[in-house]
Amino acid sequence: SQKIEQNSEALNIQEGKTATLTCNYTNYSPAYLQWYRQDPGRGPVFLLLIRENEKEKRKERLKVTFDTTLKQSLFHITASQPADSATYLCASPGRSARQLTFGSGTQLTVLP
Amino acid sequence: DVKVTQSSRYLVKRTGEKVFLECVQDMDHENMFWYRQDPGLGLRLIYFSYDVKMKEKGDIPEGYSVSREKKERFSLILESASTNQTSMYLCATCHGAGNYNEQFFGPGTRLTVL
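Just so we're clear, the structure is a prediction, and the values are computed from it rather than from any experiment. (Residues numbered from 1 in each chain as written. Chains lettered and ligands numbered in written order. Predicted model: local features only at pLDDT ≥ 70, side-chain atom pairs only at ≥ 80, totals over all residues. Heavy atoms only, no water.)

Novice: Looking at this structure, I do not really get the overall build of chain A. What am I missing?
Specialist: When you go through chain A residue by residue, the secondary structure sums to zero helices and eleven strands. The linear arrangement of helices and strands in chain A, starting from the amino end, is β-β-β-β-β-β-β-β-β-β-β. Taken over the C-alpha atoms alone, chain A extends approximately 40 × 30 × 20 Å along its principal axes. Among the 112 residues that make up chain A, the fraction classed as buried is 46%. Within chain A, contacts between residues separated by at least 24 positions form 54% of all contacts whose residues are at least 6 apart in sequence. Summed over its atoms, the accessible surface of chain A is roughly 5,500 Å², and 46% of this surface lies on carbon and sulfur atoms. On chain A, the mean spot of the 14 positive side-chain charges and the mean spot of the 10 negative ones are 5 Å from each other. (Helix = DSSP H or I, 4+ residues; strand = E, 2+ residues; numbered from the N terminus. Buried < 20%, exposed > 50% of the residue type's maximum accessible area, 1.4 Å probe, protein only. Contact = heavy atoms within 4.5 Å. Areas by Shrake-Rupley, 256 points an atom, 1.4 Å probe, with all protein chains shown as cover. Lys, Arg positive; Asp, Glu negative; His and termini not counted. Charge placed at Lys NZ, Arg CZ, Asp CG, Glu CD.)

So this is what it looks like as structure tokens:
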């Protein structure tokens, strides 16, 4: 089955800088990857989906890339703000068509 | 906006008790999911349902069962709660048969089993 690995260490960056989070998958190349944001004590909220044949996807200050050679997706937040502090989760299609397999997430803290 | 509600935000139960966690959605989504979330392990799928009375096992179904008698409601049942089932439980819904669609999550239930 697919395994999704995210940098489990917390990431601290200074306000205004670009945050870059990594998602690696270990088995088959997924048809897409999804990214979610989770705030403490809340459920995850969907941010972006990138398909296998898309190199890059943007939404406001967010950018996601998909590199099938490296088996990796990068999630960038440009001009980061303290309000961007949260845990970010990467998800891949799971064992069946309707399932998702999630990574353990990366906790981002943007320091003022 | 999709609204996914869960019956309790916090729950404390004793070992051996039968526990019901309920999830209700108001957007007529076909698919509903139950996950548990533990530090360092991320979200793990327990069970999901793609239609009324239909269910499929996820990655960690042992010790759990589910019920979906109505489209909008999906229940997770712990037949005999154990301390290793202490966790955050999250319900999610998703539209359609394909899996390109985003999942919408409820606020979660933090369950403590003593």
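Novice: What is the right way to look at the overall build of chain B in this model?
Specialist: Within chain B, the secondary structure is distributed over zero helices and eleven strands. Put simply, chain B runs from its N terminus to its C terminus through helices and strands in the order β-β-β-β-β-β-β-β-β-β-β. Relative to the compact-globule value of 13 Å for 114 residues, chain B shows a C-alpha radius of gyration of 13 Å, a close match. The dimensions of chain B, computed from C-alpha atoms along their principal axes, are 40 × 30 × 25 Å. (Rg over C-alpha atoms; globule rule 2.2 N^0.38 Å.)

Novice: Just to check I follow, could you spell out the state of the cysteines for this structure?
Specialist: By definition, a disulfide links the sulfur atoms of two cysteines through a covalent bond. All names here are of chain A. This model, assessed by the stated rule, comprises two disulfides over all chains. Paired by a disulfide, C23 and C90 hold their sulfur atoms 2.0 Å apart. Where C23 bonds to C90 through sulfur, the torsion about that S-S bond is close to -65°, and the disulfide is left-handed. Highlighted residues: C23 in strand β3 (residues 19-25) and C90 in strand β9 (residues 86-93), separated in sequence by 67 residues. (Disulfide = S-S within 2.5 Å.)

Novice: Quick question: what am I supposed to make of the interface of chain A and chain B here?
Specialist: Often the size quoted for an interface is simply the accessible area lost on bringing the parts together. Taken together, the contacts link 23 residues of chain A with 28 residues of chain B. Overall, the association of chain A and chain B removes approximately 2,000 Å² of surface from exposure, summing both partners, and the carbon and sulfur fraction of that is 51%. On the chain A side of the contact with chain B, R98, Q99 and F102 of chain A bury the most area, a combined 31% of that side's loss. One can count zero salt bridges joining chain A with chain B. Here chain A is connected to chain B by four residue pairs in polar contact (both at pLDDT 80 or more). Of all the secondary-structure elements, those providing two or more residues to the side of chain A that touches chain B are β4 (32-38), β5 (45-51), β9 and β10 (100-102) of chain A. Residue contributions to the side of chain A that touches chain B peak at four residues, all from β4 of chain A. (Buried area = accessible area lost by both parts, 1.4 Å probe. Salt bridge = Lys/Arg side-chain N within 4 Å of Asp/Glu carboxyl O. Polar contact = N/O pair within 3.5 Å; in protein donor to acceptor, adjacent residues only side chain to side chain.)

Novice: I tried to follow the layout of surface pockets on my own but got confused; where do I start?
Specialist: The rolling of a water-molecule-sized probe over the atoms marks out the regions of remaining empty space. One number sums up the size of the largest pocket: a volume of about 580 Å³. If you trace the largest pocket, you find 30 residues lining it, with Q38, T87 and Q107 of chain A together with Q37 and P39 of chain B closest to the centre. For the lining of the largest pocket, the elements supplying multiple residues, two or more each, are β9 and β11 (106-111) of chain A together with β4 (31-38), β9 (87-94) and β11 (109-113) of chain B. For the lining of the largest pocket, the element with the highest residue contribution is β11 of chain A, accounting for four residues. Its residues assigned to classes, the lining of the largest pocket comprises nine nonpolar, 16 polar and five charged. Size it by volume and the second largest pocket reaches roughly 400 Å³. (1 Å grid on protein atoms, 1.4 Å probe; cavity = no way out; pocket = protein on both sides within 12 Å on 5 of 7 lines; lining within 4 Å. Points joined across faces, edges and corners; volume = space filled by probe spheres on them. Nonpolar A, V, L, I, M, F, W, Y, C, P; charged D, E, K, R; others polar.)

Novice: For this particular structure, what's the right way to read unusual backbone geometry?
Specialist: Glycine aside, residues mostly have negative phi, and peptide bonds are mostly found in the trans state. Residues and elements named next belong to chain A. Positive phi is not limited to glycine here, since E60 has a value of about 55°. Following the sequence through the fold, E60 ends up in the loop between β6 (56-59) and β7 (62-67). Classification of E60 as exposed rests on a relative accessible area of 80%.

Novice: It is not clear to me how the sheet that holds β3 of chain A should be interpreted in this structure. Could you clarify?
Specialist: Sheets are built from strands that pair by backbone hydrogen bonding, the pairs being arranged parallel or antiparallel. Residues and elements named next belong to chain A. Strand order in the open sheet made by the five strands is β1-β3-β8-β7-β6, with antiparallel pairing throughout. Because the sheet does not close on itself, it has two edges, and the strands there are β1 (4-6) and β6. Each strand axis lies, on average, 15° off the axis of its neighbour in the sheet, ignoring direction. Bridge count for β3 against strand β8 (residues 72-77) is six bridges, and the pairing is antiparallel. Directly across from N24, in β8, lies its bridge partner Q72. (Pairing = 2+ DSSP bridges. Axes fitted to C-alpha atoms, helices over the stretch in contact; angles between N-to-C directions.)

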